[in-house]
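# Structure assessment
The chain contents come next:
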Amino acid sequence: YTGFNEGIDSVDSTDEKKCSEETIATTKHSQEENKTSHGSEIFEGDDFFDNDADQCTNNTNSQEIKKPQEENERSHGSDGFGGDNFFDHDAHQTTDNENSQERLNLLQLVHTLFQRAPVLNSSYIISLFALSIGMSVVESLIFLYFEFLGGSNTMFGLTVSVTVLFEIPLFQFAPDVLKWLGSPVLMLQWGAVAYVVRVIGYSFIPQSHPYWVLLLEPLHGITIAFVMTSSVVVADSWVPKGYEASGQGFLSMIRGLGQFVGFCVAGYLDGRTLYRVLAAIVTVGISILGMGTYCSATKKENQSYDAAVEIT
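These figures come from a predicted structure and were not determined experimentally. (Residues numbered from 1 in each chain as written. Predicted model: local features only at pLDDT ≥ 70, side-chain atom pairs only at ≥ 80, totals over all residues. Heavy atoms only, no water.)

### Describing the layout of surface pockets
There is about 190 Å³ of room inside the largest pocket. Surrounding the largest pocket, 14 residues form its lining, V138, E139, I142, V160 and T163 being those nearest its centre. Mapped by element, the contributors of at least two residues to the lining of the largest pocket are α5 (118-149) and α6 (153-181). The biggest single contributor to the lining of the largest pocket is α5, with 6 residues. Roughly 150 Å³ of volume is contained in the second largest pocket. Among the elements of the structure, α5 and α10 (271-299) are those that each provide at least two residues to the lining of the second largest pocket. Looking at the lining of the second largest pocket element by element, the count peaks at 4 residues for α5. The class makeup of the residues in the lining of the second largest pocket is 8 nonpolar, 1 polar and 1 charged. (1 Å grid on protein atoms, 1.4 Å probe; cavity = no way out; pocket = protein on both sides within 12 Å on 5 of 7 lines; lining within 4 Å. Points joined across faces, edges and corners; volume = space filled by probe spheres on them. Helix = DSSP H or I, 4+ residues; strand = E, 2+ residues; numbered from the N terminus. Nonpolar A, V, L, I, M, F, W, Y, C, P; charged D, E, K, R; others polar.)

Below you can see the structure in the form of structure tokens.
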């Protein structure tokens, strides 16, 4: 049995040597792979630190790339290019482009004026021009006439207070009055009639009773509220959609020209004669508008104004 045991021991030692050699070979192979990927040593060496530096650089670059992406996501949506908010941003840009469209110039406005209801629009502009001639004198030079009548500074302040007190409710209910009248043309005519009655009354007030003018001052509120409301509706009806401000600017220009002419007339006339002449000028404008309304009624030109009243 001794020989048999020695044979077994020799076999065991041989197997142990084989196992140890295989373990050593496996370890060397893993070390070589580790050296190849990390450097000349297992966890040390220049290549290992170079690899760490490359990883840090890659992390820094990835963070720098992520930052603008995150800012883009905050400003445009959850996606890198915006999601729904991105399309909303495009919609806002489209709206801005539409709002930046060119305004109508003067020639285009005049062409539009004579293209749609030429008789009615022309007569309306003439009437508005004539009324602006008269209103310019009343709004700017009336205190000189009140002084001529013997009025005081206290009376001047009272006249302004009375006109303002009546203007506020009249502007409030002007749209309802417009619907009741049914036409902005008729509203302008009523405002012009109120002006004529007012200035004719001024011309007959005796110098010994200047405070009588307070009875006529409420008519100023009717004139202002009716004329301004009427001009806004007319400008909205005869210009293309989206150009309402250009239409109102054109009518403001007409009023400005009327004011210039009114000041020129006031430079040559004064006293009672001035206001009687102004009443005559405005009356002529009312008459022209009446004839234009009658002529346009046969051609059904005032349908656009009626539609504008319904919208208002």
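That shown, we press on.
### Brief notes about helix α4 (residues 106-115)
Within the sequence span of α4, burial applies to L109, T112 and L113. Take α4 and look down its axis: the buried residues cluster within an arc of 105°, on one side only. Facing away from the buried side of α4 by more than 90 degrees, the exposed set consists of L107, H111 and Q115. Where the residues of α4 are buried, they touch α5, α8 (218-238) and α9 (244-268). Two residues or fewer past α4, A117 is found with a positive phi of approximately 50°. (Buried < 20%, exposed > 50% of the residue type's maximum accessible area, 1.4 Å probe, protein only. Arc of directions from axis to C-beta. Contact = heavy atoms within 4.5 Å.)

### Quick word on the packing of aromatic side chains
A full pass over the atoms with the stated rule returns 7 aromatic pairs. Here Y145 and Y275 contribute two aromatic rings whose centre-to-centre distance is 4.9 Å and whose plane-to-plane angle is 50°, an arrangement assigned as tilted. Placement of Y145 in helix α5 and of Y275 in helix α10 is noted, with a sequence separation of 130 residues between them. The class for Y145 is buried, based on a relative accessible area of 4%. With a relative accessible area of 2%, Y275 lands in the buried category. By the ring-pair criterion, three or more aromatic residues cluster together here, those being F143, Y145, F146, F148, F156, Y202 and Y275. The cationic tip of R276 hangs over the ring face of F204; the distance from NZ or CZ to the ring centre is 4.7 Å. (Phe/Tyr/Trp six-rings, centres within 6.5 Å; stacked < 30°, edge-to-face > 60°. Lys NZ or Arg CZ within 6 Å of the ring centre and 35° of its normal.)

### Quick look at a nonpolar patch on the surface
There is a patch of nonpolar side chains on the surface, built from F143, V160, V164 and I168 and spanning about 330 Å² of accessible area. Among the elements that take part in the nonpolar patch, α6 stands out by supplying 3 residues, more than any other. With respect to the helices and strands, the residue I168 is situated in helix α6. For I168, a relative accessible area of 56% gives the class exposed. (Patch = residues over 30% accessible without salt bridge, like charges linked within 9 Å, V, L, I, M, F, W, Y side chains within 5 Å. Areas by Shrake-Rupley, 256 points an atom, 1.4 Å probe, with all protein chains shown as cover. Salt bridge = Lys/Arg side-chain N within 4 Å of Asp/Glu carboxyl O.)

### Description of the environment of A266
Structurally, the position occupied by A266 is in helix α9. Taking the C-alpha atoms as reference points, A266 and L141, 125 residues apart in sequence, are found 8.6 Å from one another. Look past the residues within four positions of A266 in its chain and what remains in contact with it is V137, L141 and L274.

### Looking at the pattern of salt bridges
According to the stated counting rule, one finds 1 salt bridge in the structure shown. For R198, the salt bridge is made with E217, and the minimal N-O distance between the two is 3.3 Å. A residue pair is termed long-range when its members are at least 10 positions apart, and R198 in helix α7 (residues 184-204) and E217 in the loop between α7 and α8 qualify at 19 residues. Using a relative accessible area of 3% as the deciding quantity, one classes E217 as buried.

### What to know about α7
Relative to the 30 Å expected for 21 residues at 1.5 Å per residue, α7 spans 31 Å between its end C-alpha atoms, a close match to the ideal helical length. Most of α7 is tucked away, with 15 of its 21 residues classed as buried. Measuring from the side-chain oxygen of the N-cap residue of α7 to the backbone nitrogen of V185 gives 3.2 Å; that N-cap residue is S183. (Expected span 1.5 Å × (residues − 1). Polar contact = N/O pair within 3.5 Å; in protein donor to acceptor, adjacent residues only side chain to side chain.)

### Quick word on the environment of Y202
Relative to the elements of secondary structure, Y202 occurs in helix α7. Sequence spacing of Y202 and L216 is 14 residues, and the spatial spacing of their C-alpha atoms is 7.9 Å.

### What to know about the packing of α5 against α8
Taken N-terminus to C-terminus, the directions of α5 and α8 make an angle of 150°; their axes are 12 Å apart at the nearest point. Read as a crossing pair, α5 and α8 show a hand that is left-handed. Two secondary-structure elements touch here, α5 through N121, Y124, L128, L131, M135 and E139 and α8 through H220, T223, I224, V227, S230, S231, V234 and W238. Of the residues belonging to the contact of α5 with α8, the class tally is 8 nonpolar, 5 polar and 1 charged. (Axes fitted to C-alpha atoms, helices over the stretch in contact; angles between N-to-C directions. Left-handed = near helix turned anticlockwise from the far one by under 90°.)

### Some details on the nonpolar core
With 46 residues, the main nonpolar core has L131, F146, Y195, Y202, F250 and Y275 as its most contacted residues. No other element matches the 13 residues that α5 contributes to this core. With near-sequence residues (within four places) excluded, Y202 lies in contact with I142, Y145, F146, V213, L216, E217 and R272. Counting 7 residues, the second largest nonpolar core, distinct from the first, contains A174, L178, F226 and V233. (Core = buried A, V, L, I, M, F, W, Y, C linked by side-chain atoms within 4.5 Å.)

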